[in-house]
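What follows is the residue order along each chain.
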Amino acid sequence: MCFYCSFKIIVLFHLLLLILEADGGLGVFMPKTEELRSQIEAIDEEIIDLIATRMEIADELAKAKKVSSEGYWDSEKEREVVDRYHELCEEVSLSENEARQIAEVILHISKERQKHFFE
């Protein structure tokens, strides 16, 4: 099961529990802003952890590319990553523009980190 799917299930379950615990249990319940911010903070922590793990793997990839005398950056691979982000974002109703922005930020950081292994 994908990370986003697991996350959606957890959030939906949490919201269901909140609804059932609300006054009367069957009324419409809107989480308080503090609760929503807390959920966002938890998600942000997971995002940062995942990005850090991705960067560690990218560092290892850069080392392997240097040993095999490859260049540190492959524009074709970059296009493949951006295309993959487009596909992933379509699955979760994020726009093509949002997918491109996410990919560009992550790829820029990765590119800068990998470049250091070749200097």
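Keep in mind that this is a model prediction, so the values were computed, not measured.

Description of the pattern of salt bridges
Logical step 1: This structure, assessed with the given rule, holds six salt bridges.
Logical step 2: Across the pair D59 and R113 runs a salt bridge whose closest N-O atoms are separated by 2.4 Å. Of this pair, D59 sits in helix α2 (residues 33–67) while R113 sits in helix α4 (residues 96–116), and the two are 54 residues apart along the sequence.
Logical step 3: Of the charged contacts, one joins K77 and E80 as a salt bridge, the two residues approaching to 3.2 Å between their closest N and O atoms. Taken together, the residues span about one helical turn, with K77 and E80 both in helix α3 (residues 75–91) at a distance of three residues.
Logical step 4: With a relative accessible area of 49%, K77 lands in the partly exposed category.
Logical step 5: A relative accessible area of 37% places E80 in the partly exposed class.

Digging into α2
Logical step 1: In a regular helix each residue adds 1.5 Å, so 35 residues correspond to 51 Å; α2 covers 51 Å between its end C-alpha atoms and thus fits that length.
Logical step 2: Three or more residues of α2 are buried, namely Q39, M55, A58, D59, A62 and K65.
Logical step 3: Backbone geometry just downstream of α2 places S69 in the positive-phi region, at approximately 60°.

About the cut-offs
Residues numbered from 1 in each chain as written. Predicted model: local features only at pLDDT ≥ 70, side-chain atom pairs only at ≥ 80, totals over all residues. Heavy atoms only, no water. Salt bridge = Lys/Arg side-chain N within 4 Å of Asp/Glu carboxyl O. Helix = DSSP H or I, 4+ residues; strand = E, 2+ residues; numbered from the N terminus. Buried < 20%, exposed > 50% of the residue type's maximum accessible area, 1.4 Å probe, protein only. Expected span 1.5 Å × (residues − 1).

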